[in-house]
Amino acid sequence: MTTDIWAWVHDSHARLVEAGHHRLATALAEIAGHAVEGRNEQLDAVFPEALASARALGLPWVEVFLRHWRLQNLLNKRHQGEAALAEAVSLLEYAHRPETEGCPQAVCAVQDFTICHANIDGPGYVAERLAVLDEALARVEPARACFDCLSREYADTLEDGGRPEEALAHLDRAQARILAAGEQASLAFGHGRASALHRLGRHQEALEAYRVAELAQVAARRRLDEDDRRKLAVGRALEYAALGRREEALAQLPDLEEAEAYADIRLRWATAVELLAGAGAYPNDTELGVRLAHWVGYLDAAGSHRPCLDLLLTAGRLAVARGAREVARTLAATGERKLAQLRSPAGVSRQVAALRAAAEALPGAGLPVPIGELKRWMADHPGQVPAERAADLLAAAHAADPKGGHLPALAGALGALGHARAAAALLWEQLELSPQDVLSARQLAATLIEAGDGEGIRRLADRLAADSPAEAQWVRARWAAAEGRWAEVAERCAAVLAEDPSRPAPRRLGAAAATRLGDYPTAQRLYQELLVLPDGADDPHPEVWPADLWHLVTVATVNRDWAVVRAAGAQLGLEFERDEGPVDEDWQLVTVRAQRSDGTLAELPAVRTGPATARILPVLGEDLTLNHNDVVVFGPAVRNPGPDAGGTSWRPAFDLLALLDPAGYTTWWLDGAWPGAAAWTALRDALEAAGYGIWAHNGEGYLITDPDAPGGTLPGVYAALGVPPLATAAEADAVLTTLTAHWPHPLSWPELATAAGADPGPHLDTVRRYGL
């Protein structure tokens, strides 16, 4: 098989564009970048539509490509294991059908399959992984990019089998074959070498492997992206830490928030931090413990059993080192549970046993007061007892008096420390002690949702259904909300309210679901009903919240119920220029955040015209459903931090909720030389006076060719012209021609000229002469 995957992508993209399938063409061109660079939200936004389009058009090769790169993201960037297994198996089968086996990406389904099993239990599936990789490598020429990927996966599998020397030898042979084929090994080959060398304790050689691999990329003029730099940094930090070179390790180590954002660097980050903390160079504190616990829980829920165990062992040793007994015991218990999910627990089981022994050897907490007074004592000292110390005290109290009622507080303490599944286990125990305790059931439901334990939610709801069907529906509604199944949320909240109309929380959640579904009349009705609930409603927060009023203002605005907007606004202390009619005032500059078609967020300057409305200022392209002068409704939550003390330029940012009044502008693009601030301002003012809009989209560094100075450049301008709905393309072309005729360098607008019936030739000549 010799088809080059990227040549195929290029040709397929061109054919899709020619056929008018622009969105699928864009997805085909961009999905691999989204996958490998960790742009998860963008990938999630484009994948479903792209896959549906590929299937509707009968393009099985495109389907293989899209599904492969999504799996690469799920497996490598999000470290899913069993959560992705069904898709990995399905794609492997699909990629070997007669209609797909010729696809150049089909062989990569083997890599997806093996990575998935590596995440589940790499050492447990070594033989099977090597077998399928041997078969795949035999079908791939060294000149293909797939040979690089499969060779690295083969080396990773040898490492999982405890054979790092063989992994190094395999990488050397594979790289020699790649070079002999006239290609260059990827940067990831350097990571593979460094990983094997690290396992062998050859840390200085691992650093050299990173250096050589990076220099090779630079020499080949391959740009290192942020993902490359991040992975190189964490790899180097680990090797420096292993060598005891603490300052160099800290200089390379990504910060905690970066590790939080990118799951693929967490294990190496945590390993480096353990070494640094042991040398006193990194704080081994509760905050670190909470982050690691959340990461362990994430891998647990994703079914990545082996990485989960590796990370929890690191977290457990750090907990022992700082004397956090109950946290260490909790991690040991999680480890013991995970061992049962491995195919081959040999070796790691001894490490889990060692963690358990070290945790139990820590001294138990001495109670500061008699056991019966502990809960009151802790309540009297809010914020004064460190979280891990509180967990130790409550655990000691529960051990001394199992019926003393300490379980809910202990569960709350462990949940706050990131151990949601362990907290849920305690709350199940509490529910057995007090089967009719509604508050315990609600606490358990919240904890199960935090843990992502759908099976636990179903078990709890089934248990509640017989005696409290409304409570069972409420549990299921909250779980559906956590998973974004808003139609189900609305249905279940309605069922709860049918049983007990006095409860505010289901009404709030039902209103939120209706808003998500675009059912704004229902959302308004539910928010208005909150205002008249009886004071004795059986809920922790029966009173009306300010947020309820803001949400009511928002949905009533979409419904154009201006009387309700004014009434609710008055309760919030808002003042209006008029007592009736639509609210259309000039309040302040804001930012409206709207999602582009590729899943990224656009931050659009707008003029706020009321409590929940704004008029969009820029002229926009087809990647957004909005345009110049459109009036939109935005959600009530401010999405950016408030201004610094003394700050004057802060603009609040809000999320787009709905388009209220479309202005009907059409966008045409202009390109050319920047005429200077005075000329540009004159053009903008003249266009606005004629009802048009214009907005420059280029950055300050936009340069174009100066045709009168060989090798010279000119500052450029790339702008969007907004043509009002009653103006024709011919009128817009004429207005622009008149207003820019005296400029020293012409602007170009070939698409607009063509639509206007004018000659696009001069514009195309400008494009050519100025390198636009």
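Below is a short write-up of the structure. (Residues numbered from 1 in each chain as written. Predicted model: local features only at pLDDT ≥ 70, side-chain atom pairs only at ≥ 80, totals over all residues. Heavy atoms only, no water.)

Considerations on the pairing of strand β9 (residues 713-723)
Every regular strand shows the same layout, with side chains that alternate between the two sheet faces. Convention followed: When accessible area is computed with a 1.4 Å probe and restricted to protein chains, residues below 20% of their type maximum are described as buried, those above 50% as exposed, and intermediate ones as partly exposed. Strands here mean DSSP runs of E at least two residues long; helices mean DSSP runs of H or I at least four residues long; both are numbered from the N terminus. Two strands qualify as a pair provided DSSP detects at least 2 bridges between them.
Among the 11 residues of β9, eight are classified as buried, and the element is accordingly described as predominantly covered. In this structure, strand β6 (residues 666-673) lies alongside β9, joined through eight bridges in antiparallel fashion. Paired with T667 across the two strands is G722, which belongs to β9. Across four bridges, strand β7 (residues 693-696) lies against β9 in antiparallel orientation. Residue W695 lies in a different strand from β9, and its bridge partner there is A720. As paired elements, strand β8 (residues 703-705) and β9 share three bridges and run antiparallel to each other. Counterpart to T705 in the pairing with β9 is T713.

A closer look at the packing of aromatic side chains
Rules: Any two rings among Phe, Tyr and Trp, with Trp reduced to its six-membered ring, count as a pair given centres within 6.5 Å; such a pair is stacked if its planes are under 30 degrees apart, edge-to-face if over 60, and tilted if neither. For a Lys NZ or an Arg CZ to count as sitting over a ring, it must be within 6 Å of the ring centre and within 35 degrees of the ring normal.
Enumeration according to the criterion identifies 11 aromatic pairs in this entry. Ring geometry for W269 versus W295: centroids 5.6 Å apart, planes at 75 degrees, classification edge-to-face. Of the two residues, W269 is situated in helix α15 (residues 266-278) and W295 in helix α16 (residues 286-302); the sequence distance between them amounts to 26 residues. Overall, W269 belongs to the buried group, its relative accessible area being 0%. Its relative accessible area of 2% is what places W295 among the buried residues. Consider the rings of F576 and W587, whose centres lie 6.4 Å apart with planes at 45 degrees: the pair is tilted. Of this pair, F576 sits in the loop between α31 (562-571) and β1 (588-595) while W587 sits in the loop between α31 and β1; the two residues are 11 residues apart in sequence, bridging distant segments of the chain. For W587, a relative accessible area of 29% translates into the label partly exposed. Taken together, the ring pairs connect W6, W8, W61, F65 and W69 into an aromatic cluster. When the ring centre of Y262 is taken as origin, the NZ or CZ atom of R230, which lies over that ring, is 3.4 Å away.

A short note on a nonpolar patch on the surface
What counts here: Residues enter patches when they are more than 30% accessible in relative terms and free of salt bridges; like-charged ones are connected within 9 Å and nonpolar ones (Val, Leu, Ile, Met, Phe, Trp, Tyr) within 5 Å. The Shrake-Rupley method, run with a 1.4 Å probe sphere, supplies the accessible areas, and residue values consider only the shown protein chains as cover. Between Lys or Arg on one side and Asp or Glu on the other, a salt bridge is scored when a side-chain nitrogen of the former is within 4 Å of a carboxyl oxygen of the latter.
A surface patch of nonpolar side chains, amounting to about 240 Å² of accessible area, comprises L531, V532 and V544. For V532, the position within the fold is in the loop between α29 (520-530) and α30 (546-558). On the basis of relative accessibility, which here comes to 65%, the residue V532 falls in the exposed class.

Examining the pattern of salt bridges
Here the structure, examined in full by the defined rule, presents 60 salt bridges. Between R337 and D300 there is a salt bridge, and its shortest N-O distance comes to 2.5 Å. Of this pair, R337 sits in helix α18 (residues 325-339) while D300 sits in helix α16, placing them 37 residues apart in sequence. By relative accessible area, R337 is classed as partly exposed at 34%. In this structure, the salt-bridge partner of E336 is R356, at a minimum N-O distance of 2.9 Å. Placement of the pair is E336 in helix α18 and R356 in helix α19 (residues 348-361), with a sequence separation of 20 residues. The partly exposed category is assigned to R356, whose relative accessible area is 21%.

Fair warning: the whole summary comes from geometry, so function is off the table for now.
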